[in-house]
Every structure is written in structure tokens, then in C-alpha cells.
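# Inside the fold
Chain by chain, the residues:
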Amino acid sequence: MPLDRGPSPFTPSHRRFEAMSPLDSEVHPVFHAGRVAVITGAASGIGKAAAVELAKLGLKIAMADVLEDVLALAAKEVISIVGEANVLVIPTDVSKIDDVVRLRDRVYEAWGEVAVLLNNAAIGPDSKSWKMLDNWKKTFDVNLFGVVNVQQTFVPSMLHQENQAVVINTGSKQGITNPPGNPAYNAAKAAVKSLTEGLAHELRESPACNVTAHLFIPGWTFTGLTARNGGEKPAGAWTAEETVLFMLDHVRAGEFYILCPDNESRHQLDQLRIMWGAADVVEGRPALSRWHKDWKSLFEEYVRDGLANME
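Before going into details, it helps to say that this report is about the structure given with it. Model, not experiment: these values are computed from the prediction. (Residues numbered from 1 in each chain as written. Predicted model: local features only at pLDDT ≥ 70, side-chain atom pairs only at ≥ 80, totals over all residues. Heavy atoms only, no water.)

### Structural notes on the pairing of strand β1 (residues 36–40)
Note the cut-off: The cut-offs for exposure are 20% and 50% of the maximum accessible area for each residue type, with area from a 1.4 Å probe on protein chains only; residues under the lower value are buried, those over the upper are exposed, and the others partly exposed. Secondary structure elements are taken from DSSP: a helix is a run of H or I of four residues or more, a strand is a run of E of two residues or more, and numbering for both begins at the N terminus. Strands are treated as partners if at least two bridges between them are detected by DSSP. Call a crossover right-handed when, viewed with both strands pointing away from you, the route from the first strand across the helix to the second goes clockwise.
In terms of residue burial, β1 counts as a mostly covered element, since five of its five residues are buried. Neither face of β1 is left uncovered, since the one carrying V36, V38 and T40 and the one carrying A37 and I39 both have all their residues buried. In terms of strand pairing, β1 meets strand β2 (residues 60–65) through five bridges, oriented parallel. Considered in β2, the bridge of T40 is made with A64. In this fold, β1 hands off to helix α1 (residues 45–56), which returns the chain to β2; that crossover is right-handed. Sheet topology places β1 next to strand β4 (residues 116–119); three bridges connect them, and they run parallel. Bridged to I39 within β4 is L118.

### Focus: the nonpolar core
The cut-off we apply is this: For our purposes a nonpolar core is just a set of buried Ala, Val, Leu, Ile, Met, Phe, Trp, Tyr and Cys residues, chained together by side-chain atoms within 4.5 Å.
Counting residues in hydrophobic clusters, the biggest one holds 37 residues, and the most contacted among them are L54, I61, M63, V78 and V116. Of all the secondary structure elements, the ones that give two or more residues to this core are β1, α1, β2, α2 (68–82), β4, β5 (165–170) and α8 (240–252). With seven residues, α1 is the largest single contributor of residues to this core. With 34 residues, the next largest nonpolar core counts L88, V100, V114 and V211 among its residues.

What follows is the structure, given as C-alpha cells:
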């Protein structure tokens, strides 16, 4: 086993954000009353929380989800905030392109624009690298091709709008650090990271483009997807509302990678985990060396040293 621990645990970065508007602007060009948000996976969890928070800002909300009964219940809360005339409830299976086209058409017929496209629908069935092929297909159909379907259907229309707009794709830290346990979910979310990076590049290279893309990377968030057995929120998790508010603040700032902390993992720890994983490739270490018996103690030492250097 090599003794070299790899690169320095933390090298300060010089971050440059292409902000959509000044941070001290009273009214952000996207997140303000009268504009339109489309949210997939809106029946519960982060999607519902986003619908509620954007409704509080006075946006018109189109809520899409495959779970019709749960969606209708969530919509009642949003309607109580912004009024029935400002809420569309559209049952949608994002894995079916015809459903997504119908969603787009309903929104544009009603309101004529989309300011916020939150591409959030996801599922998390169990998977194994050499088993559960049906679960792999279901996961990719929703978590990857659902994002592709929504992006391909909505972005061409958004490009022709006069006012600024954002596409926010919900990824996951699991798509970056790839922890063992659910390889299908991890692989789909890794692909979402890649396609959102590609979208961001293509948009910024398009002349006079008023649309920006953002990768939303939630931390440990207490939702129906993560709390399959119900129960109370673990102390280490954030609520969906906390995660959404963090995301909105950082989209306002023009950031692309919106890496959310939680009550267990602060931002510095996330940085170290991501950097270690990238160094697996550079240093030629075993795959997922964080969890390898010969490397686990070195990783823990790397994190201790790295956090100490950040103090």
C-alpha cells in the first residue's frame, strides 16, 4: 500500500460566481412575485418545500408529481399561500415524454413563461451492481431520463423568453462521493451532475442567453425518500425547508454548485470528502478507498488534519 496520502487536504480556491443580479438587489429578476415556477416531484419533501417557499415570494407555482393524491394534498397548502388562480396541479410522470410535453403546454398556455424550472423528481429503490435490473431501469427512467425529458422539453421555450430564468437540477452528494449502498441511485445522480454541467456551459456560450443552470446538491435532508420508515427527524439531518432556503440563497448569488451542508456534515467536511474521492483517480488508489480497509485510517487522518488546517 503506498504511503503517500495524496494531495494537500485543502487548498483555498479562488471562486468566481457569475451572479445573475447584485446580491443587494431589492428584487431578484427570477425570484419575485408574478413570475412562474415549475417544480417536479412537488408532492412532498424538497419539491413541496420549494413550492411553499416560492409561493411565499409571490410566484405562480406549477406542481408536478406522479403521486396524484399526495400532490393534491400538497397543493392545498400552496394554494392557501398564493391563491388558487396562481397554482397549477398537473399529475406528471417525468419518465414519459408525453406527460412532460403536456406539463409544458399547460404552463405556457396558462402563464406564458417559466422563470424557475426545478427538475427535482426522484426515486430511490434498492439496487445491487449485479442484481435488481428492474430497479436500475426504474431509477434511471426517473432520476436521469426524467431530468433529460424536462430539460429537453422546457429549455427551448425558456431560451426565447425576454426575462431571466433558471434551470435547477437536483443532484446528490451520492452522485459525487459515491458511497456504497445504492449504486443505481449514485450512478443516475452522477449523470445528472454531468448533464447539468454540460447544460450550464452550453447556455453561457449561447449569445444573449438569459437562462442559467444550477446543480442543487442537498445534504442529509429528512424527506419521504430518505425516511422510508417514518419516525422523527434525526438530529443530523436538515429539514426540506432549510435545504430549500439554502438553495434559493445560493442561486440568487449565481452559484452553479450548490453544495448543501447539514447538521452532521459541515461544508469543510464535504470539501475534504470530495477532494479525497477525486484523488483516488489521480493517485491510483483502490475504488472508493474511503471505505477500503487498508485506506480507511489514512482517510480519517486526512480529514482530521484537513479540518485542523481550516480552523
